[in-house]
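Residue-level structural notes
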Amino acid sequence: MDKASARQRNVPDPPPQAPAEPKRPRGRPRKTLDERDDGNRRLHLVRAAARLFRKKGFDATSTRDIAAAVGMHSGSPFYHFENKGALLFAVMEEGMRSATVRQRDALRDAGAGNNPRDTLAVLVRNHFQVLLGPGSDFVPVMLYEARAITPQQRRTMAALQSDYESDWTPVLEALHASGALRADVKLARLLIFGALNWSAQWFNQRGTASLDDLTDAAMALFVHDDAQLAPPKTTTRGTRLQPIAPPKKHRPRSRAGEQTP
């Protein structure tokens, strides 16, 4: 046997190659079943807390009440939230974020934008839906329990509310410029939201008025339809009210031979 054949016989076989790792799918990894369950339980807790906070008030509602409403043990909410205050903030924050998304979806679906009156009607109708429609418990909670959250949480909520109201400001400005909105824009915005939000206290879903009826009534109150109205005059001091001039006094006609003062 020649030397070349011997060398070939003594060469060890190459080690087997490891199977190639499967490529990771692009995008975010899929949530596991446990992770999805945790998300669902958290959502159920937030919704149950919103209902109870609205019905009983924040101080009178215990975590035991909230846990019982979703079929959990009394300590289970603390797996998702540090304390009851964190749960209250989650009710407000998630509700406000959801309201902003719904508002922009409503504007997009309506195709509003050219006519400021039509756009305001869309905003008002959607706001009534947010206030009075299904899953609206977070609104009264946000309005009446703000004292129970921390200053930092209040700042976060103020920023979220400002984002929500930012869709209203250019519409009100356009109506003000046309004369259809007579009040100062900032004051009008505050008064409009005050009036709309108060409907959560008195509106009866079993009554005869629908949300469309409320929208028509609100638009009749806030906006003038008379196209002949001149644009309102503005003052350099912004929202300061102008004094009303006293009526002129009419002097009585003098009789013959009498002097009038």
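Thresholds applied
For every chain, the first residue of the written sequence is number 1, and numbering continues from 1 along that sequence. Totals for whole chains, interfaces and linings use all residues, but because this is a predicted model, local features are given only for residues with pLDDT of at least 70 and pairs of side-chain atoms are given and counted only at 80 or more. Calculation of side-chain values draws on the structure's entire complement of heavy atoms; hydrogens and water are dropped beforehand. One confidence number per residue, pLDDT, is output by the predictor and ranges from 0 to 100. Residue contacts are counted whenever heavy atoms from the two residues lie within 4.5 Å of one another. Only buried Ala, Val, Leu, Ile, Met, Phe, Trp, Tyr and Cys residues count toward a nonpolar core, and they belong to the same one when joined by side-chain atoms within 4.5 Å. In this scheme, a residue with accessible area under 20% of its type's maximum is buried, one over 50% is exposed, and one in between is partly exposed, where area comes from a 1.4 Å probe on protein chains only. A run of DSSP states H or I qualifies as a helix once it reaches four residues; a run of E qualifies as a strand once it reaches two. Both are numbered from the N-terminal end. With a 1 Å grid laid over protein atoms only, a set of points is called a cavity when a 1.4 Å probe fits there but cannot get out and a pocket when it is open yet has protein on both sides within 12 Å along at least five of seven lines; lining residues have an atom within 4 Å of a point. Grid points are joined across faces, edges and corners, and a volume is the space filled by probe spheres set on the points. Only Asp, Glu, Lys and Arg are considered charged in this grouping, and only Ala, Val, Leu, Ile, Met, Phe, Trp, Tyr, Cys and Pro are considered nonpolar; every other residue, Gly among them, is considered polar. Pairs of N or O atoms are called polar contacts if they sit within 3.5 Å, as long as, within protein, a hydrogen donor faces a hydrogen acceptor (for residues adjacent in sequence, only side-chain-to-side-chain pairs).

Points about the confidence of the model for the chain
- Looking at the chain as a whole, the pLDDT averages 79, with 70% of positions reaching at least 70.
- Below a pLDDT of 50 lies the segment residues 31-37, which in the model reaches two contacts outside its immediate sequence neighbourhood of four places, other chains included.
- Below a pLDDT of 50 lies the segment residues 227-247, which in the model reaches 19 contacts outside its immediate sequence neighbourhood of four places, other chains included.

Comments concerning the nonpolar core
- If you look at the biggest cluster of nonpolar residues, it comprises 56 residues, and the most contacted ones within it are Leu120, Phe128, Trp168 and Leu196.
- The element contributing the most residues to this core is helix H5 (residues 84-110), with ten residues.
- In contact with Trp168, other than residues within four places in its own chain, are Gln103, Leu120, Leu123, Val124, His127, Ile192, Phe193 and Leu196.

Let's talk about the layout of surface pockets
- One number sums up the size of the largest pocket: a volume of about 340 Å³.
- The wall of the largest pocket is formed by 15 residues, among which Val46, Arg47, Gly95, Gly135 and Phe138 lie closest to the centre.
- Secondary-structure elements contributing two or more residues to the lining of the largest pocket are helix H2 (33-56) and H5.
- Considering each element in turn, the lining of the largest pocket owes the most residues, six residues, to H5.
- Among the residues forming the lining of the largest pocket, the class breakdown is six nonpolar, four polar and five charged.

Comments concerning the environment of Asp167
- Turning to its location among the elements, Asp167 is positioned in the loop between helix H8 (151-165) and helix H9 (169-178).
- Asp167 sits 63 residues away from Arg104 along the chain, and the two C-alpha atoms are 8.3 Å apart.
- Those residues in contact with Asp167 that sit more than four places away from it in its chain are Gln103, Arg104, Leu107 and Leu123.
- A polar contact is formed between the side chain of Asp167 and the side chain of Gln103, at a distance of 2.9 Å.
- Within the structure, the side chain of Asp167 is placed 3.0 Å from the side chain of Arg104, a separation counted as a polar contact.

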